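Residues per chain are reported as follows:
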Amino acid sequence: MAYVVTDNCRGCRYTECVTVCPVECFHVDEKMTYIDPENCIDCGGCVPVCPVGAIEPDYRLAADKKFWIDVNRKRAAETPILAARLPPLPGADARRQELGR
Amino acid sequence: MTESVSDRAAGGFRIAVIGSGPSGFYVTEALLRSGTPLAVDMFERLPVPYGLVRFGVAPDHPKLKLVTAAFDRIATTPGFRFIGGVAVGRDVSIDELRETYDAVVLATGADVSRSLDVPGEDLPGSHHAGDFVAWYNGHPDYRDCHFDLGCEAATVIGHGNVALDVARILAKTADELRRTDIAAHALEVLAESRIREIHVVGRGRPPQAKFSAKELRDFLDLETCDTTIDSRDVVPDDFVPDNPLDPELAEKLALLGTLSQQTLTKPRRCSFRFGLSPVAIKGRSRMEAIVFEQQKSKAIEELDCGLCFRSIGRQTIPLAGVPYDNLRGVHANIEGRVADGSSVIAGLYVCGWSKRGPSGTIGTNRGCGMATAEAVLADLPARRGRRSGDPDALLARLRQRVARIVSYRDWVAIDAAEKRRGAPLGKPREKFVSVADMLAATDA
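Residues numbered from 1 in each chain as written. Chains lettered and ligands numbered in written order. Predicted model: local features only at pLDDT ≥ 70, side-chain atom pairs only at ≥ 80, totals over all residues.

Quick word on the packing of helix 15 (residues 408–422) of chain B against helix 16 (residues 435–443) of chain B
Residue and element names in this part refer to chain B. Running from amino to carboxyl end, helix 15 crosses helix 16 at an angle of 105 degrees, the nearest separation of the two axes being 8 Å. By the criterion of interaxial angle, the relationship of helix 15 to helix 16 is roughly perpendicular. Within the contact between the two elements, helix 15 uses Asp410, Ala413, Ile414 and Ala417 and helix 16 uses Met438, Ala441 and Thr442. Here the contact of helix 15 with helix 16 is composed, by residue class, of five nonpolar, one polar and one charged. (Axes fitted to C-alpha atoms, helices over the stretch in contact; angles between N-to-C directions. Helix = DSSP H or I, 4+ residues; strand = E, 2+ residues; numbered from the N terminus. Parallel < 35°, antiparallel > 145°, perpendicular 65-115°, else oblique. Contact = placed C-beta atoms within 7 Å. Nonpolar A, V, L, I, M, F, W, Y, C, P; charged D, E, K, R; others polar.)

Section: the nonpolar core
Ile35 of chain A together with Ile15, Val104, Val105, Val166, Ala167 and Tyr349 of chain B are the most contacted members of the largest nonpolar core, which totals 141 residues. Residues lining this core come from more than one domain, with at least three contributed by each of domain 1 (3–111 + 315–406) and domain 2 (115–312) of chain B. Those residues in contact with tyrosine 349 of chain B that sit more than four places away from it in its chain are Ala103, Val104, Val105, Leu106, Gly336, Arg337, Val338, Thr372, Ala375 and Val376 of chain B. (Core = buried A, V, L, I, M, F, W, Y, C linked by C-beta atoms within 7 Å. Buried ≥ 20, exposed ≤ 12 C-beta atoms within 10 Å, placed from the backbone. Domains from an automatic or database assignment.)

Some words on the domain arrangement of chain B
Residues and elements named next belong to chain B. In terms of domain boundaries, chain B breaks down into domain 1 (3–111 + 315–406) and domain 2 (115–312). The C-alpha-based centres of domain 1 and domain 2 are spaced at 34 Å. Listed per partner, the contact involves eight residues of domain 1 and twelve residues of domain 2. For the side of domain 1 that touches domain 2, the residue count by class is five nonpolar, one polar and two charged.

Remarks on the interface of chain B and chain A
At the junction of the two partners, chain B supplies 20 residues and chain A supplies 15 residues. Looking at the side of chain B that touches chain A element by element, the count peaks at four residues for helix 13 (residues 364–383) of chain B. The residue makeup of the side of chain B that touches chain A, split by class, is nine nonpolar, six polar and five charged.

Some words on the packing of helix 6 (residues 129–136) of chain B against helix 7 (residues 161–171) of chain B
All names here are of chain B. The geometry of helix 6 relative to helix 7 is characterised by a closest axis approach of 10 Å and an angle of 55 degrees between their N-to-C directions. One element, helix 6, and the other, helix 7, form an angle in the oblique class. As for how helix 6 packs across helix 7, the hand of that crossing is left-handed. Across the interface between the two elements, Ala129, Gly130, Phe132, Val133 and Tyr136 of helix 6 pack against Val162, Ala163, Asp165, Val166 and Ile169 of helix 7. Residue classes in the contact of helix 6 with helix 7 are distributed as eight nonpolar, one polar and one charged. (Left-handed = near helix turned anticlockwise from the far one by under 90°.)

Here it is in structure tokens:
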């Protein structure tokens, strides 16, 4: 198994996950972060720190979110590792409220 | 001393990190990546690094142990030096370190198990869960511990992840553990275990259980052990999460709900009990039963068992020269700066479990280490020129005081030797369980 970043990250990209990842397996593009499933050690530390609940273990994803497993694998291979936190995207707090978080 | 240390140390700050577990490595990483010219000496009491990743993480959770690759990368950063086999408080005092370094960061973890404070707690057969964990993980200080698994029933008190580790190791067969890095002495004893019934008892209701859903899932597919919930302890509402936005809680309660419906077919049984507070441990020459009070009804219930593991938390071992926070069981600190009351002790810091208590996952300590590193870096300019001692002179003195100082290169040799020992057995490694054997492997 591995943990997976899903749609709630888009437009927020708080990157709290990056600080607590013990193995630096988060990658990033201009929209969101992705977890490299080959390097994730399943510690689960990123799940509770995400302000918008975007991260889930792969087995817990709803059927209509399973495609994020492949998206994370593919995009992690194409994007750079994020070593330290970034400022959230503009409008992140508004989006967070919209998500009811 | 390697060239890189001298390069980085020349004119730069010198920092001592005490402890080589996750928080020690992560504060080191943040310091060495900061861009400030500095070098870090990491002190470790044992000849081997990684702290609880080696001696705490369960042997059947190998994926979590892959985090050591990150520690090894940090250890190759220029400016890093491992000083193993030196115990702070025994071989060198905090005061001597403070005179020698611009900053000293304590990352000493939480090595003492908390007591239940009930009568009979110290009867033979009643143990700290942490001692059992250190024993099956081959910690040299615990290899001579004795656990008598000749009884039929064992009880684990506590509903955290350590409690679940202990219950699961007891519930597994020797064959389920044989290809892990479990210590050989533990595998031998576990193979002869007669335990058929394991109670995992906590004070709270299911929603209050601190263990994670992931740890609980491991109980779904044990080869010879069924897991169940005692129906007397729960009502259907216990499995309904009050916060629908918390998928972790929802999964945990759904799993517990599933377990409460299990049909029992396997020879061993692990039963989760809720709402019970221990009031006494009973027995004549050794423990025979635990007396619990039911939280709701205040009724008294006795659980017959010959073995008990108390898993109700841990605290930091106090160090001479470091103020202690008795309430929280950590080195007294204000956001990572060690403090005596409200007055900060200059140049002395803390991170990880010895800063905030035993909680979170391995990665929580990365954020924690970064925060402490920020405090260190902010204070460093004002520390310049304050220290009177020299780290290399200290190292020379230490060589007179201890039999052998272990470098990271020595650890790499120990690591390789353990892997070679494990290979013919199909184990990722066969750990050395005595300091003498570890040291012998450095000379190989």
